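# What the coordinates show
Here is what each chain is made of, one letter per residue.
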Amino acid sequence: MEEEEPPQLFLCPISMELMEDPVTVSTGVTYDRRSIQQWVFGYGRPTCPATMQPLANLDLTPNHTLKRVIASWLSPSTSASSSPSTSSLSSPAHDQLATPVPLSRMLENLEETPFKVTALKSMRARIAGDVSAQCEFVSCGGIQAVARVMAQALAERDLSAFAACEEAAAVLALLPLGDAASAGCVLAPECIAPVVALLQRGGAEARLHAMDIVTKVSSVAGAGDWTAGVEVGDVVKSLLELLADEVSPRLSSRALDVLLDVVERSPPAKAVEVGAVHVLVELLAGAADCRDAERILLLLKRLCKCPEGRLAFAEHDLAVAAVAKTMMRVSQLATQLAVKVLWLVSVVAPPSEKVLEDMVLTGAVAKLLGLLHVETPPATKHKTVRMVRINGGFWRQYPCFPTDLRDYLRLLD
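On a predicted model such as this, the values are computed, not experimentally measured, just so you know. (Residues numbered from 1 in each chain as written. Predicted model: local features only at pLDDT ≥ 70, side-chain atom pairs only at ≥ 80, totals over all residues. Heavy atoms only, no water.)

## A closer look at the overall build of the chain
Looking only at helices and strands, one finds 23 helices and 3 strands in the chain. The proportion of buried residues among the 413 residues of the chain is 47%. (Helix = DSSP H or I, 4+ residues; strand = E, 2+ residues; numbered from the N terminus. Buried < 20%, exposed > 50% of the residue type's maximum accessible area, 1.4 Å probe, protein only.)

So, in structure tokens, the structure goes:
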């Protein structure tokens, strides 16, 4: 049976964990002793974290009633009738905690509190699925406030600080970011730099959030280029590592989307330099999802537009076979993209004999000739005919080339 979530009243407002030793401060708010001692004495802040009011004194009064109720809740053998109910613990201080803190106040306290992860988690829960709260968050300067936290956390190079950076990205990922003003705030150097850092070396969830953010801002017209000022090669390398590791289908799918955006915005040779063609060919050879295969073929098409990309494609032993496998099998779009890739490596530039030989041995030539007999878009048909006419003389010399297809080639000459 799924474990029951503890009542909110049992959680420390600082750590958001079940309280072991609840104590009450002068404002009437109860905290776990360890957390409030760290706040007051460790960080030297004589204030109430929940209300940010100064503490009249530093006395920590044990809340024995709450401690008994928590112990009763933890023990399934204890009768519910033998312990006070949580409703009996109602007090003005707890009622104050039950009233949502205004987002403006939460944002003001965010930069001051040393418990940034907890504060950001509360903020995340507050705006999740609430459009009006998200609008209020943006209008109160929430994006800028969270960006400052991210920049500060990244500069500290500390594990706990990086956790705050990841949680801040989770907050930003909840926002639509569909208007130019919001996208512009995200594209500011102090915000986009931490986002890219998370994309490169964050945890799996943090990387998803970072990719969600850049995907949203990249689709806003006139918002600017998020890759400007970024080392594109390092970003591409991180995305390729993510794809090669195959951590999860969702992560790989989003990585393909972001990689497509990066390659479109930057010279393709940069992606080729860090091994993009090799990784994509390997992925295409084992791609089981139709949409994944289509996006990989689109990436290969873009990369093969440059000489470096065509050379890297020709040098990979599985490249032609992986592309040929998708023709007339995955989808009409995949077939069109596969034809474009083969056209780029066999017609646009002087092809290597290895590429032409692989096209015969892997059945690519047979599929090209088959496309001439079925209805295809004019551009695809034109490229197919050009490939056959230009390279037909080379293909005819192979004994394995079918006799009937050799005769068909003569008709095209």
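Here the narrative resumes.
## Things to note about the sheet that holds strand 1 (residues 22-24)
Here 3 strands make up an open sheet; going across it, the order is 2-1-3 and the pairing antiparallel. Two strands in the sheet have a free side with no partner beyond their single neighbour: strand 2 (30-32) and strand 3 (61-62). Two elements, strand 1 and strand 2, share 3 bridges in a ladder whose sense is antiparallel. Each bridged residue has a counterpart across the sheet, and for Thr24 the counterpart in strand 2 is Thr30. Sitting on the sheet, helix 1 (residues 33-42) touches strand 1, strand 2 and strand 3, and the angle it makes with strand 2 is about 95°. (Pairing = 2+ DSSP bridges. Contact = heavy atoms within 4.5 Å. Axes fitted to C-alpha atoms, helices over the stretch in contact; angles between N-to-C directions.)

## Some thoughts on the packing of aromatic side chains
Considering all chains together, one arrives at 2 aromatic pairs under this definition. A ring pair is formed by Phe10 and Trp73, whose centres lie 5.9 Å apart and whose planes are at 70°; its orientation type is edge-to-face. Of this pair, Phe10 sits in the segment before strand 1 while Trp73 is found in helix 2 (residues 64-74), placing the two residues 63 residues apart along the sequence. A residue is classified by how much of its surface remains accessible, and Trp73, at 27% relative accessible area, is partly exposed. Ring plane angle 20° and centroid distance 5.4 Å describe the contact between Trp39 and Phe115, whose orientation is recorded as stacked. Pair noted here: Trp39 is in helix 1 and Phe115 is in the loop between helix 4 (103-110) and helix 5 (116-127), with a separation of 76 residues, a long-range link. The two residues Trp39 and Phe115 agree in class, both being buried. Geometry around Trp343 places Lys383 over its ring, the cationic atom sitting 4.8 Å from the centre. (Phe/Tyr/Trp six-rings, centres within 6.5 Å; stacked < 30°, edge-to-face > 60°. Lys NZ or Arg CZ within 6 Å of the ring centre and 35° of its normal.)

## Notes on unusual backbone geometry
Of note in this structure, Leu177 is not a glycine but carries a positive phi near 55°. Its location among the elements puts Leu177 in the loop between helix 8 (159-173) and helix 9 (180-187). For Met328, which is not glycine, the phi torsion reads 55° and is therefore positive. When its relative accessible area of 46% is taken as the criterion, Met328 is described as partly exposed.

## Looking at the nonpolar core
Across soluble globular proteins, you tend to see nonpolar side chains buried next to one another. Phe137 and Met359 are the most contacted members of the largest nonpolar core, which has 113 residues in total. Ignoring any residue separated from it by four or fewer positions in sequence, one finds Phe137 in contact with Leu103, Leu107, Met123, Ile127, Gly142, Ile143, Val146, Val171 and Leu175. Of all hydrophobic cores here, the second largest spans 18 residues; its members include Met19, Val23, Trp39 and Leu66. (Core = buried A, V, L, I, M, F, W, Y, C linked by side-chain atoms within 4.5 Å.)

## Notes on the environment of Lys340
Tracing the chain through its elements places Lys340 in helix 19 (residues 332-348). Each C-alpha atom, one on Lys340 and one on Cys304, is 9.5 Å from the other, the two residues being 36 residues apart in sequence. What Lys340 contacts, discounting residues up to four positions off in sequence, is Lys301 and Lys383.

## Comments concerning helix 17 (residues 307-315)
Among the residues of helix 17, those classed as buried are Gly309, Arg310, Phe313 and Ala314. Looking straight down helix 17, one finds its buried side chains confined to an arc of 135°; they lie on one side. Across helix 17 from its buried face, at more than 90 degrees, point the exposed residues Pro307, Leu311 and Glu315. (Arc of directions from axis to C-beta.)

## Some remarks on the pattern of salt bridges
This structure, assessed with the given rule, holds 12 salt bridges. The salt bridge partner of Arg124 is Glu205, with a shortest N-O separation of 3.2 Å. Taken as a pair, Arg124 in helix 5 and Glu205 in helix 11 (residues 204-218) lie far apart in primary sequence, 81 residues in all. Overall, Arg124 belongs to the partly exposed group, its relative accessible area being 25%. Accessibility expressed as a relative area gives 48% for Glu205, which makes it partly exposed. The partner of Arg302 in a salt bridge is Glu264, and the shortest N-O contact between them spans 3.9 Å. Here the residue Arg302 occupies a position in helix 16 (residues 290-303), and Glu264 occupies one in helix 13 (residues 249-265), the gap between them amounting to 38 residues. (Salt bridge = Lys/Arg side-chain N within 4 Å of Asp/Glu carboxyl O.)

## Section: the environment of Ala322
Within the secondary structure, Ala322 sits in helix 18 (residues 319-326). You can call Ala322 buried: its relative accessible area is 4%. A sequence separation of 42 residues divides Ala322 from Ala364, and the C-alpha atoms of the two residues are 10.0 Å apart. Apart from residues no more than four positions distant in its own chain, Ala322 is found in contact with Val281, Leu284 and Ala285.

## Regarding helix 7 (residues 142-156)
End to end, helix 7 covers 21 Å across 15 residues, agreeing with the expected 21 Å (1.5 Å per residue, within 8%). What helix 7 keeps buried is the set Gly142, Ile143, Ala145, Val146, Ala147, Val149, Met150, Ala153 and Leu154. Following helix 7 by one or two positions, Arg157 adopts a phi angle in the positive range, close to 50°. (Expected span 1.5 Å × (residues − 1).)

## Some remarks on the packing of helix 15 (residues 276-285) against helix 18
In the contact formed by helix 15 and helix 18, the axes pass within 9 Å of each other and the chain directions differ by 45°. Here helix 15 is positioned oblique relative to helix 18, judged by the angle of their axes. Pair helix 15 / helix 18 crosses with left-handed handedness. Counting all contacts with helix 15, which are made through Val281, Leu284 and Ala285, the residues of helix 18 involved are Ala319, Ala322, Val323, Lys325 and Thr326. (Parallel < 35°, antiparallel > 145°, perpendicular 65-115°, else oblique. Left-handed = near helix turned anticlockwise from the far one by under 90°.)

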